[in-house]
Amino acid sequence: MKHFFEGVVKAFPLVLLFFSGFGFLFPEWIVWFKGNWITYSLGGIMLGMGLSLDARDFVLILKQPKQVFVGVLLQYTVMPTLGYSLAYLFQLPDAFAIGLILVSCCPGGTASNVIAYLAKADVPLSVTLTSVSTLVAIFLTPLFVGVLVGSRLEVDRWGLVLTTFQVILLPISLGLVLKSYLPKFTKRALDIAPVVSVLLIAMIVSSIIASGKESILHASPRIFLSVVFLHIFGFLLGGILSFVLFRNLDRAKTISIEVGMQNSGLGAVLARAHFLDPNTAIPSALSSLTHSLIGSLFAAYFRHRSEKLPTNS
């Protein structure tokens, strides 16, 4: 059973593709999954992250402060800049523009750790970057959304802070408490937490696609191109800039993955909670599918490349 769960996690993009296709083709089977279901599901994903965190993840901040600082800095400069610029360049309607900016201001997603493992990148650094970017998102995500979206629409910044706090810090803190006081339970829970996270993300994405099917069918290709370019340039700029700074391929790969992959579930929850137009959540759903597929191709390329390198005999 453990090997089956691991297989499901590694096949995350295919699972996401299947659920998204199912939601698009048979929306009546998925649309019930909305509102609090989405919010609590993201909380469950964050709880799983809290259960998996270890003190060693944060010790790395002291051992490699420059790498962690640069990774988080690029996350919150490259992606928001791209989101705002692409929304402007493609002249997206307000709902889609706000949704694109919103997801670009989110922290790294937990799926990035799986992609880092498959790409043979620096997994401890990946976990640390995801953790740190998620924790600082409580304040930085609402701040950037307020500044960048404020020119289009009045934003309840404190409401964004409160929602982000509820769906990130509280579940993660609960996970850390459970790990400290119920280690046996935590050990058993960690066997299924990754696959549960995969399924919950897939349900969130498929639900948004199902409920927004008509909008997607009639949407301009510009929204799809803007999401694709957001993540392609996120991966590229994250990798190039970090390689220029560190001259280390593993670190560059890791930071590239962290910058290019967003916590799209958080974007969806914030969109549904704070913006009246349901189309605001669609870029988050498209983002989750897009960065997972790009990340998988990225991982496959570097895994193949590493296997082709000669070994020392």
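See the structure above.
Definitions and limits used
Residues numbered from 1 in each chain as written. Predicted model: local features only at pLDDT ≥ 70, side-chain atom pairs only at ≥ 80, totals over all residues. Heavy atoms only, no water. Salt bridge = Lys/Arg side-chain N within 4 Å of Asp/Glu carboxyl O. Helix = DSSP H or I, 4+ residues; strand = E, 2+ residues; numbered from the N terminus. Buried < 20%, exposed > 50% of the residue type's maximum accessible area, 1.4 Å probe, protein only. Disulfide = S-S within 2.5 Å. Contact = heavy atoms within 4.5 Å. Core = buried A, V, L, I, M, F, W, Y, C linked by side-chain atoms within 4.5 Å. Axes fitted to C-alpha atoms, helices over the stretch in contact; angles between N-to-C directions. Parallel < 35°, antiparallel > 145°, perpendicular 65-115°, else oblique. Left-handed = near helix turned anticlockwise from the far one by under 90°. Nonpolar A, V, L, I, M, F, W, Y, C, P; charged D, E, K, R; others polar. Phe/Tyr/Trp six-rings, centres within 6.5 Å; stacked < 30°, edge-to-face > 60°. Lys NZ or Arg CZ within 6 Å of the ring centre and 35° of its normal. Patch = residues over 30% accessible without salt bridge, like charges linked within 9 Å, V, L, I, M, F, W, Y side chains within 5 Å. Areas by Shrake-Rupley, 256 points an atom, 1.4 Å probe, with all protein chains shown as cover.

A closer look at the pattern of salt bridges
Applying the stated rule across the entire model yields 1 salt bridge. Residue Lys253 pairs with Asp250 through a salt bridge whose shortest N-O separation is 3.5 Å. Pair noted here: Lys253 and Asp250 are both in helix α13 (residues 249-260), with a separation of 3 residues, about one helical turn. Its relative accessible area of 37% is what places Asp250 among the partly exposed residues.

Here's the deal with the state of the cysteines
In the structure shown here, the tally under the stated rule is 0 disulfides. Not part of a disulfide, Cys105 finds its nearest cysteine sulfur in Cys106, a span of 7.3 Å. Look at Cys106 and you get buried, because its relative accessible area is 0%.

Description of unusual backbone geometry
Leaving glycine out, the prevailing phi sign among residues is negative, and the prevailing peptide bond configuration is trans. Of note, the phi angle at Gln91 is positive, near 50°, even though the residue is not glycine. Position of Gln91 among the secondary structure elements: in the loop between α5 (65-89) and α6 (94-104). Although it is not a glycine, Arg247 sits at a positive phi angle of roughly 50°. Turning to its location among the elements, Arg247 is positioned in the loop between α12 (221-246) and α13.

Thoughts on the side chain of Thr163
Tracing the backbone shows Thr163 in helix α9 (residues 157-181). Sequence-distant contacts of Thr163, that is, excluding residues within four places in its chain, are made with Val269, Leu270, Ala273 and His274.

What about the nonpolar core?
Counting 89 residues, the largest nonpolar core has Leu92, Ile168 and Ile257 as its most contacted members. Not counting chain neighbours up to four residues away, the residues in contact with Ile257 comprise Ser112, Ile115, Ala116, Ala119, Ala121, Phe235 and Phe298.

Focus on the packing of helix α8 (residues 123-149) against α9
Across the interface, α8 lies against α9 with an axial gap of 9 Å and an inter-helix angle of 160°. Classified by the interaxial angle, the pair formed by α8 and α9 is roughly antiparallel. Two packed elements cross with a definite hand, and for α8 against α9 that hand is right-handed. Facing Thr134, Leu135, Ala137, Ile138, Pro142, Val145, Gly146 and Val147 of α8, the residues of α9 in contact are Arg157, Leu160, Val161, Thr164, Phe165, Ile168, Leu169 and Ile172. Partitioning the contact of α8 with α9 into residue classes produces 12 nonpolar, 3 polar and 1 charged.

Comments concerning the packing of aromatic side chains
Evaluation of the coordinates by the stated rule reveals 12 aromatic pairs. With 5.9 Å between their ring centres and 40° between their planes, Phe229 and Phe233 make a pair best called tilted. A residue pair is termed a helical-turn pair when its members lie 3 or 4 positions apart in one helix, as Phe229 and Phe233 do in helix α12 at 4 residues. Classification of Phe229 as partly exposed rests on a relative accessible area of 30%. Note on Phe235 and Phe298: the rings are 5.4 Å apart at their centroids and 40° apart in plane angle, and the pair reads as tilted. Placement of the pair is Phe235 in helix α12 and Phe298 in helix α15 (residues 282-308), with a sequence separation of 63 residues. By the burial criterion, Phe235 is buried, and Phe298 matches it. The ring centre of Phe24 lies 5.3 Å from the NZ or CZ of Lys213, which sits over that ring.

Brief notes about the environment of Val15
By secondary structure assignment, the location of Val15 is in helix α2 (residues 12-25). Take Val15: its relative accessible area is 17%, and that puts it in the buried class. Each C-alpha atom, one on Val15 and one on Ile232, is 21 Å from the other, the two residues being 217 residues apart in sequence. For Val15, the contacting residues outside a window of four places in its chain are Val8, Val198, Leu199 and Ala202.

Focus on a nonpolar patch on the surface
A contiguous nonpolar surface patch, about 770 Å² in accessible area, is contributed by Leu225, Val228, Phe229, Ile232, Phe233, Leu236, Leu237, Ile240, Leu241 and Val244. Secondary-structure assignment places Leu236 in helix α12. Leu236 gets classed as partly exposed once you look at its relative accessible area, which sits at 44%.

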